[in-house]
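Read off the chains here:
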Amino acid sequence: MLKLLSLGAGVQSTVLALMTADGTLPRVDAAIFADTGWEPATVYRHLDRLAVVLDAAGIPLHRVSNGNLRADSLDPAHRYASIPYFVRNPDGSDGMGRRQCTAEYKLAPIGRKARELLGAQPPHFRRVPKGAVAEQWIGFSTDEISRVSDRDGVSYIRRRYPLLELGMSRKDCQRWLTARGWGNTAKSACVGCPFHGNAQWRDLRDNHPSEWADAVAFDEAIRKGGARGLPLNGEAFLHRSRVPLSAAPIDRVTRREWADRSPDIFDALAELGDPDGCSPYGCRSGTAVA
Ligand code: SF4
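Reading the values: the criteria
- Residues numbered from 1 in each chain as written.
- Predicted model: local features only at pLDDT ≥ 70, side-chain atom pairs only at ≥ 80, totals over all residues.
- Heavy atoms only, no water.
- Salt bridge = Lys/Arg side-chain N within 4 Å of Asp/Glu carboxyl O.
- Helix = DSSP H or I, 4+ residues; strand = E, 2+ residues; numbered from the N terminus.
- Buried < 20%, exposed > 50% of the residue type's maximum accessible area, 1.4 Å probe, protein only.
- Pairing = 2+ DSSP bridges.
- Axes fitted to C-alpha atoms, helices over the stretch in contact; angles between N-to-C directions.
- Near = heavy atom within 4 Å.

**Q** Hey, could you run me through the pattern of salt bridges in this one?
**A** Opposite charge on two side chains lets them pair, provided their charged atoms get close. Using the criterion set out here, one finds 13 salt bridges in the structure. For the salt bridge of Arg242 with Asp94, the shortest nitrogen-to-oxygen distance reads 3.6 Å. One end of the pair, Arg242, is in the loop between strand S8 (235–237) and helix H9 (255–261); the other, Asp94, is in strand S5 (residues 94–96), with 148 residues separating them in the sequence. Arg242 sits in the buried class, given a relative accessible area of 12%. When its relative accessible area of 47% is taken as the criterion, Asp94 is described as partly exposed. Asp172 serves as the salt-bridge partner of Arg175, at 3.0 Å between the closest nitrogen and oxygen. One end of the pair, Arg175, and the other, Asp172, are both in helix H6 (residues 170–179), 3 residues apart, so they sit about a helical turn from each other.

**Q** Help me out: how do you make sense of the sheet that holds S5 in this one?
**A** The strands making up a sheet are joined through hydrogen bonds of the backbone, oriented either antiparallel or parallel. The strand order S5-S4-S8 describes an open sheet built from 3 strands, whose pairing is antiparallel. In the strand order of this sheet, the two ends are held by S5 and S8, each with one partner. The sheet shows a mean angle of 30° between the axes of neighbouring strands, direction not considered. By the bridge criterion, 3 bridges tie strand S4 (residues 86–88) to S8 in an arrangement that is antiparallel. Looking across to S8, one finds that Val87 is bridged to Ala236.

**Q** What exactly am I supposed to notice about the site of the ligand here?
**A** Leu69, Arg99, Cys101, Thr102, Lys106, Ala189, Cys190, Cys193 and Phe195 make up every residue found near the ligand. In terms of residues, the shell around the ligand owes the most to one element, helix H4 (residues 101–117), which gives 3 residues.

**Q** Hey, could you run me through the sheet that holds strand S6 (residues 134–137) in this one?
**A** The strand order S3-S2-S1-S6-S7 describes an open sheet built from 5 strands, whose pairing is parallel. Both outer strands of the open sheet, strand S3 (61–64) and strand S7 (157–160), are each paired with one neighbouring strand and no more. Ignoring which end each strand starts from, the neighbouring axes of this sheet average 30° apart. Note: strand S1 (residues 2–6) against S6, 4 bridges, orientation parallel. By the bridge assignment for S6, Leu4 is matched with Gln136.

Have a look at this one:
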């Protein structure tokens, strides 16, 4: 059966890519990265570095795209794919935009490439030949187990979650990467994704000023819902405070961020270079898999 890695190029899927390349996990037949056209430059650089490793292991990396999410969102001529903006309604109540961007700019092009690799014919690659099936690897870690779902499943794809089988959490993945010289792997998400936490916004503002300016400009442009977006009576924002991004309270450190900052014994070992301390197999007893 064809094995395909869904490569988001964030922490978890990078672990899977490196594990399949170094033989820790079985070899996949291809990795697929869906490019929204709006990833930060660090993610594209990271992807280029990963491509070298995959190439050396004989694993093709397919970069697929359904357009540029940022440009399309502001283009009056383009069909609108809703981004989950934070909305302030005219009566002062809070709302949230629908999230269609992931389905349209990530899942759709990945699905089309998967069907193509399974033998579906151009130009639309809709029909997979009878009996063709692919195993699709998804990098959910144990802290994301609630995201596992077979909803929207199709008969020619069998989803597999190798990190759950290995009992690896996101922290385990970060330690594993750090121990192998990939510790700077960033969370992969669009530059102006409303799901950013304050830490990501601060990182953008303090370390990537041109991307911060890009996000601030986009935030201003969507105030009335974007080009063909919901003709909003209220206002849309990228930051959860529903304040313009340039003035949003992003210096407030959330409880979760503090928790993430607290060093623990495994982080200390990882920094000291103790391979056992970094190994998920050495420090995890195997979290239950649903
Ligand atoms: S990262 Fe955010 S903005 Fe980009 S596709 Fe996903 S949900 Fe949409």
